[in-house]
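Each chain, letter by letter, is given below.
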Amino acid sequence: MEGRDLLAGAARAATYNMALQLCIRIMTFVLNGVVLRYISKEMLGVVNVRLTLLYTTTLFLATESFDQACLSKIEDKDWRQVVNQMWLTFPMSILVCLVFGCVWMFVLESPDSESIPYYGTGVVCFCLTTIITTLARPHFIIGQCHLFNRLRVISVALSELVRCIIAAFLVIYFPHWGLINFSIAQVVCAITYSAIYYVIFYLMIKTEDTGESFVFQSVRDFFPKILPNKSFVDWRLVSLTRSFFKQSIFKQLLTEGEKYIMTVFGVLSFGDQGYYDIIDNTGVVFRELDDSLQYFFYPALLRGFPLHLQPPDSVDLVTSVLEHLLKTVTLIGSIILVFGQSYAFLALDLYGGSLLSAGSGPLLLRWYCLYVLVLAVNGITECFYFAVMSKKEIDSYNHKMLLFSVILLVSSLFLTRLVGSVGFVLANCINMACRIMQSIYFIHNYYKDSGFKPLKGFIPSYPVIGSLAAAYCTTALSESYFCCGYGNLYRLLHIVLGGLCLLGVMITIAIRERELVQFVTTQLWGRKIGKTNF
């Protein structure tokens, strides 16, 4: 029963992380709305696309393969060796930052120094952010493996809140500093994030009885050490790390593919990149879905083992989580798709005025709502796939990811020339659809000889589908009569009618999807795991 409780805690950790990502994106969305009135779209494009891409690329390449290997469930894993291996992310981050920092500084086209000053300082500071963040990576992994759910939420939420407040303050009162404002905010965010982990673990070992089994017994244990009668690292994890590193390169290309194309090929101006990023922020919470779920699937399943050799309790709960999360994201994505068609123009107009609602903005957001749906489904199916596949299957999948990268590149270049920024969304939809089909094929074969059918979670009940169709027709008519070109009272009526339609859809889901509602309330929120739920 204890193992099942721990798995339920891991499922709850994934839920907390998704809620955290939603809060972070709301903060970022509000920040963009504030700073957009004080800076140009070009500045926003450089910060949120060019420099943020540098940060996500360096951090991902420096840590992702180590994270996935050390989170994998293998027999007789020594946590001291895990800590040692995670400290290798620090020199790795320095190497990666040197390489990509030089590319960003001397290879890529630099923005105009008159309108966007201090670009070089921005590159250095965003690289420094990656290096500072890796200083807490061993603590992060130990925290995730011990299901310290609130620690991750607190560390990320507080550091991001600090970043948003500092950036907004500096942009408003010191606009002439240019990119220095965002660089200061980014570095302080990284320092805050790492400091929280060190302080919390220090307080734990000083004030609580952590038990001899806990890897951190003193501050010295925070850092790497030579182990008696054991190698410095677990070579099984090292082998997994190598395989995952190849995969992480392709995964990063596929995750941030459109931003690499913008950056390398220059198909959009910095202003258009900033505009695209505002739209893109609506779906990033689902882009982080696989990051959330790996903390559930990875510790729950033995890597490379077939279904019948997995622990029965783990199989029951993992299958139930997989099925119900598929249905959950399908429903959420469908709701976003349905209501996004009729409220895209109004949302952009209220958020940024005619600057965002004029031109192709509403069309871009409508198509992006479709991308959110396929993005969410891919996050779940692919995470399960990555958690279960053996090392041989990982190496084989790397070749498939190369093919997916080529598909994304070719379709992006072709479609952006054909339909502009909407082409990035369509190319990503094509890429995600290919990856979903590959993951579904694997999941189907994995459960083929069992009585489990988790893929049925894709299909909502017919009454729910009917309520979504009715909501789409009603809101579409409402938009044509009340929204575009009319006064605030008519817009308010459009919003109220949409709210009533959404309420009808939610009531239908509550009535017809009772098993889903019960699962969410009991498995994800109804259990406690005590002290490990920090």
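Everything below is about the structure printed above this text.
Calculation criteria
- Residues numbered from 1 in each chain as written.
- Predicted model: local features only at pLDDT ≥ 70, side-chain atom pairs only at ≥ 80, totals over all residues.
- Heavy atoms only, no water.
- Helix = DSSP H or I, 4+ residues; strand = E, 2+ residues; numbered from the N terminus.
- Buried < 20%, exposed > 50% of the residue type's maximum accessible area, 1.4 Å probe, protein only.
- Contact = heavy atoms within 4.5 Å.
- Areas by Shrake-Rupley, 256 points an atom, 1.4 Å probe, with all protein chains shown as cover.
- Core = buried A, V, L, I, M, F, W, Y, C linked by side-chain atoms within 4.5 Å.
- Salt bridge = Lys/Arg side-chain N within 4 Å of Asp/Glu carboxyl O.
- Axes fitted to C-alpha atoms, helices over the stretch in contact; angles between N-to-C directions.
- Parallel < 35°, antiparallel > 145°, perpendicular 65-115°, else oblique.
- Left-handed = near helix turned anticlockwise from the far one by under 90°.
- Nonpolar A, V, L, I, M, F, W, Y, C, P; charged D, E, K, R; others polar.
- Patch = residues over 30% accessible without salt bridge, like charges linked within 9 Å, V, L, I, M, F, W, Y side chains within 5 Å.
- Bend = angle between axes of the 7 residues up to and from the residue.

Participant: Where do I start with the overall build of the chain in this structure?
Facilitator: Counting its regular elements, the chain contains 21 helices and 0 strands. A burial count over the chain gives 57% of its 534 residues as buried. In the chain, the share of contacts with a sequence separation of at least 24, taken over all contacts with a separation of at least 6, comes to 83%. Surface exposure of the chain reaches about 22500 Å², of which carbon and sulfur atoms provide 68%.

Participant: Looking at this structure, how should I read the nonpolar core?
Facilitator: A general feature of soluble globular proteins is that nonpolar side chains tend to end up buried together. Formed by 107 residues in total, the largest nonpolar core has its most connected members in Phe201, Phe216, Leu322, Tyr371, Phe384 and Tyr447. Of all hydrophobic cores here, the second largest spans 29 residues; its members include Leu51, Leu59, Leu108 and Val123.

Participant: For this particular structure, what's the right way to read the pattern of salt bridges?
Facilitator: When their charged atoms lie close together, side chains carrying opposite charge are able to pair. For the structure on display, the rule yields 10 salt bridges. Close ionic contact of glutamate 160 with arginine 163 constitutes a salt bridge, the shortest N to O distance being 3.0 Å. Taken together, the residues glutamate 160 and arginine 163, both in helix α7 (residues 149-173) and 3 residues apart, mark about one turn of the helix. There is no split in this pair, since glutamate 160 and arginine 163 are both buried. Put simply, glutamate 513 and lysine 327 hold a salt bridge, and the shortest N to O gap is 3.3 Å. Note that glutamate 513 is positioned in the loop between α20 (488-512) and α21 (514-524) and lysine 327 in helix α14 (residues 312-352), a separation of 186 residues in sequence. In terms of burial, glutamate 513 and lysine 327 fall into one category: buried. Through salt bridges with shared partners, a single ionic network connects Arg80, Asp221 and Lys225.

Participant: Looking at this model, I keep getting lost on the packing of helix α16 (residues 361-388) against helix α18 (residues 422-446). Mind explaining?
Facilitator: A pair of packed helices is characterised by two quantities: the angle between their axes and the separation of those axes. One can describe the packing of α16 onto α18 by two numbers: an axis separation of 8 Å at closest approach and a directional angle of 30°. In terms of orientation, α16 and α18 fall into the roughly parallel class. Between α16 and α18 lies a crossing whose hand is left-handed. Among the residues forming the contact of α16 with α18, the class breakdown is 21 nonpolar, 5 polar and 2 charged.

Participant: Please clarify how a nonpolar patch on the surface should be interpreted in this entry.
Facilitator: On the surface, Leu350, Leu489, Tyr490, Leu492, Leu493, Ile495, Val496, Leu500, Leu503, Ile507 and Ile511 cluster together to form a nonpolar patch covering roughly 1000 Å² of accessible area. No other element matches α20, which puts 10 residues into the nonpolar patch.

Participant: Explanation requested: helix α6 (residues 137-145) in the structure shown.
Facilitator: What sets the pattern is the α-helix's 3.6 residues per turn: residues three or four places apart point alike. α6 sits mainly inside the fold: 8 of its 9 residues count as buried. Every buried residue belonging to α6 is among Arg137, Pro138, His139, Phe140, Ile141, Ile142, Gly143 and Gln144, and all of these are buried.

Participant: What is the right way to look at helix α2 (residues 41-71) in this model?
Facilitator: Threonine 63 marks the point of greatest bend in α2, at about 40°. Burial analysis of α2 places 27 of its 31 residues in the buried class, which makes it a mostly covered element.

Participant: Please clarify how the packing of helix α9 (residues 235-255) against helix α10 (residues 257-265) should be interpreted in this entry.
Facilitator: Put simply, α9 and α10 touch, their axes get as near as 4 Å, and they point 80° apart. For the element pair α9 / α10, the angle class is roughly perpendicular. Across the interface between the two elements, Gln252, Leu253, Leu254 and Thr255 from α9 touch Gly257, Glu258 and Tyr260 from α10. A breakdown of the residues in the contact of α9 with α10 according to their chemical character gives 3 nonpolar, 3 polar and 1 charged.

Participant: Hey, could you run me through unusual backbone geometry in this one?
Facilitator: At tyrosine 118, a position not held by glycine, the phi torsion is positive, near 65°. Summarising the element assignment, tyrosine 118 is placed in the loop between α4 (89-107) and α5 (119-134). On the basis of relative accessible area, tyrosine 118 is assigned to the partly exposed category, the value being 43%. Residues other than glycine seldom take positive phi values, yet asparagine 229 does so here, at roughly 60°.

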